[in-house]
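Each chain, letter by letter, is given below.
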There are 2 protein chains.
Amino acid sequence: MRIALDAMGTDHAPAAEVAGAVAALADLDSDVQIILVGDRDAIQVELAKYPEIPEGRLRVEHASDRVTPHDPPALVIRRKPDSSIVVGLKLQKRGEAEAFVSAGNTGAVMAASLFTLRRLPGVVRPAIGALLPTALAPCLLVDAGANVDCKPTHLLQFAQLGNVYAKDIMRRENPRVALLNIGEEAEKGDDLSVESYRLLAADSGLNFVGNVEGREIIQGVCDVVVADGFVGNVLLKFYESVAEFVIGMLCKQTDIRIDGPELKQVFRVLDYSEYGGAPLLGVGGVSIICHGESSSKAIRNALGVAARAVATDMVSHIARELSTPTSEEGS
Amino acid sequence: MRIALDAMGTDHAPAAEVAGAVAALADLDSDVQIILVGDRDAIQVELAKYPEIPEGRLRVEHASDRVTPHDPPALVIRRKPDSSIVVGLKLQKRGEAEAFVSAGNTGAVMAASLFTLRRLPGVVRPAIGALLPTALAPCLLVDAGANVDCKPTHLLQFAQLGNVYAKDIMRRENPRVALLNIGEEAEKGDDLSVESYRLLAADSGLNFVGNVEGREIIQGVCDVVVADGFVGNVLLKFYESVAEFVIGMLCKQTDIRIDGPELKQVFRVLDYSEYGGAPLLGVGGVSIICHGESSSKAIRNALGVAARAVATDMVSHIARELSTPTSEEGS
């Protein structure tokens, strides 16, 4: 198995990427090779810090260009064909890698993944999954921001995509799938919610547990929560900020040291990097998107997720689950 | 000034209401009378605990019925005309009170307020404002859940409603109004966001500061944040739960006692009851909606907000600001 890693994506590229890749080798089977994609010289400088890397487990694929946070995502394929994002994804397209991981410009990774790996047949809109920490096990939010102005059939597919991911990657046996809404009853919410509820309840392949409100997600009542990407993205960003805010305020008001050992476990639960990146679900390959400020630990974990997606053949499972054509296909 | 208080709304009615009303008397001008609306006998039992109430500042208006959390909001006016909610609002309609405060069934308070107080001319959809704690001063979220499937003209009105509230009640001189979105640029977001941005930017009566994302709200970058009621309600409920969750987890993982003095200040900032209820904006009167689990402090503060809304003549200000007919009026 070969995983292409965009080595130029994080704010501390390529140091965080190389460190994450080296650390990941300890987690991954010995037949997994990580391909560091990016500026060869810069990567070699970092690699030189790790003289004990086993033979053949890391290799460098040179990419002379780099996507910045300001590059318009839709134009990256055309304007930056030599960027680490495009070069890395093309490895997968050509069959020279089975997965791609990047902490670069999220929109660009998404657009380039869609262009390069294509939608799977039957998938109307690929979606981003993001793991939300909860009081129990993390919950997958789909869509976390890839799509806005969604239709009920899209939300049904988000549920199906999340269902496969929860089984294959999160190891949940019969994932509880819920719809993010503003009330419990089937008839609550906006037009999109009411009709989506109907579709989700009618899908016998899903363990649909009904509507959940914001306050229930965090209690850990579901494994997958489905939402329009606008709502999902608002929720995700707010979630991140409010946890930081509460802890920051606590530390300011009390004697607790933010780096004290008492807080370590709390941060571990709230730390997104524990969970290893957000998958783009519904494309014909594995593409894992990480935060721009990812640490080496986040990269390491994202590589683990990518490896598991390949090992479990997640993409085939998604293709099989979503091959039923919907009436709105292509819309 | 007379404020009608639904004495039967909270989970601890009428004890919390009576205690809150008694406490509020100390804050309010001596010409303010609070009318406790509900079961006369139950209220008198509570009132007997406060023998020193000044003459004429509290009176009881008997209401023989009570709305439960399970009553369908739309049917309350017809089915429960003798409930404390309907009786209390009718006092305002008849000119026997200038404001109404209730911690009862939110949907019922809203529906009965709309029916009784009516929309102000020019207001298409009255909206609920809710105060979100931030790192700086609280920020008003409009709409916090009264309306779903909103149109851009609705969001423009939410901004105008929030603008008046921020000036009159929150004492912000030139309120910074922002649009909740998933990116900073004008063209970001769903169809609703893009068109709403255009309308907000074009309204010379607003200090529109552009889009804000979830993570920025909490930093205190705006005084009013505008959103569709679906998104707003998801955000509000999540906000409440995540703060509780983070603090709860902290207490579990550390030696901090949840009731310890260190946490008091943190809770004070995060405590919604500090801010005193959510106004229904755009109706022809003052209607303040509180949580069902409101404490006496929450009731006390809500009464203060109601009094300030009357004293500043907020409803007239709203009527004046929103009297420009929109092309979609009534839609």
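Residues numbered from 1 in each chain as written. Chains lettered and ligands numbered in written order. Predicted model: local features only at pLDDT ≥ 70, side-chain atom pairs only at ≥ 80, totals over all residues. Heavy atoms only, no water.

Enquirer: Help me understand the overall build of chain A, please; the structure alone is not making it clear to me.
Expert: Along the backbone of chain A there are 12 helices and 11 strands. Relative to its length of 331 residues, chain A is compact, with a C-alpha radius of gyration of 20 Å against a globular reference of 20 Å. Taking the principal axes of its C-alpha atoms as reference, chain A extends roughly 60 × 55 × 35 Å. Buried positions account for 60% of the 331 residues belonging to chain A. Long-range contacts, defined as pairs at least 24 residues apart, comprise 72% of the intrachain contacts of chain A with a sequence gap of at least 6. In the form shown here, chain A has an accessible surface area of approximately 13000 Å², with 49% of it arising from carbon and sulfur atoms. (Helix = DSSP H or I, 4+ residues; strand = E, 2+ residues; numbered from the N terminus. Rg over C-alpha atoms; globule rule 2.2 N^0.38 Å. Buried < 20%, exposed > 50% of the residue type's maximum accessible area, 1.4 Å probe, protein only. Contact = heavy atoms within 4.5 Å. Areas by Shrake-Rupley, 256 points an atom, 1.4 Å probe, with all protein chains shown as cover.)

Enquirer: Looking at this structure, I do not really get the sheet that holds strand β3 (residues 58-62) of chain A. What am I missing?
Expert: Residues and elements named next belong to chain A. Judged by pairing direction, the sheet is mixed, and its 11 strands sit side by side in the order β3-β2-β1-β4-β11-β10-β5-β6-β9-β7-β8 without closing on themselves. The open sheet has two free edges, formed respectively by β3 and β8 (207-212), since each of these has just one partner strand. Here the average twist between neighbouring strands, direction ignored, is 25 degrees. Across 4 bridges, the pairing between strand β5 (residues 127-132) and strand β6 (residues 139-142) is antiparallel. When the sheet's bridge partners are listed, Leu-131 is paired in β6 with Leu-140. (Pairing = 2+ DSSP bridges. Axes fitted to C-alpha atoms, helices over the stretch in contact; angles between N-to-C directions.)

Enquirer: Mind showing me how you'd approach helix α5 (residues 106-117) of chain A here?
Expert: An α-helix turns once per 3.6 residues; consequently, residues spaced three or four apart project the same way. All names here are of chain A. In a regular helix each residue adds 1.5 Å, so 12 residues correspond to 16 Å; α5 covers 16 Å between its end C-alpha atoms and thus fits that length. Every buried residue belonging to α5 is among Ala-108, Val-109, Met-110, Ala-112, Ser-113, Thr-116 and Leu-117, and all of these are buried. Those residues of α5 that are buried lie in contact with α3 (76-79), α4 (84-93), β4 (99-102), β5, β10 (278-281) and β11 (286-289). Its side-chain oxygen placed 3.1 Å from the backbone nitrogen of Gly-107, Asn-105 serves as the N-cap of α5. Count one or two residues on from α5 and you reach Arg-118, which has phi positive near 65 degrees. (Expected span 1.5 Å × (residues − 1). Polar contact = N/O pair within 3.5 Å; in protein donor to acceptor, adjacent residues only side chain to side chain.)

Enquirer: Would you mind showing me how to read the packing of aromatic side chains here?
Expert: Residue and element names in this part refer to chain A. Counted under the stated rule, the structure contains 4 aromatic pairs over all chains. Ring plane angle 80 degrees and centroid distance 5.0 Å describe the contact between Tyr-197 and Phe-208, whose orientation is recorded as edge-to-face. Of this pair, Tyr-197 sits in helix α7 (residues 191-202) while Phe-208 sits in strand β8, and the two are 11 residues apart along the sequence. You'll find Tyr-197 and Phe-208 in the same group, each marked buried. (Phe/Tyr/Trp six-rings, centres within 6.5 Å; stacked < 30°, edge-to-face > 60°.)

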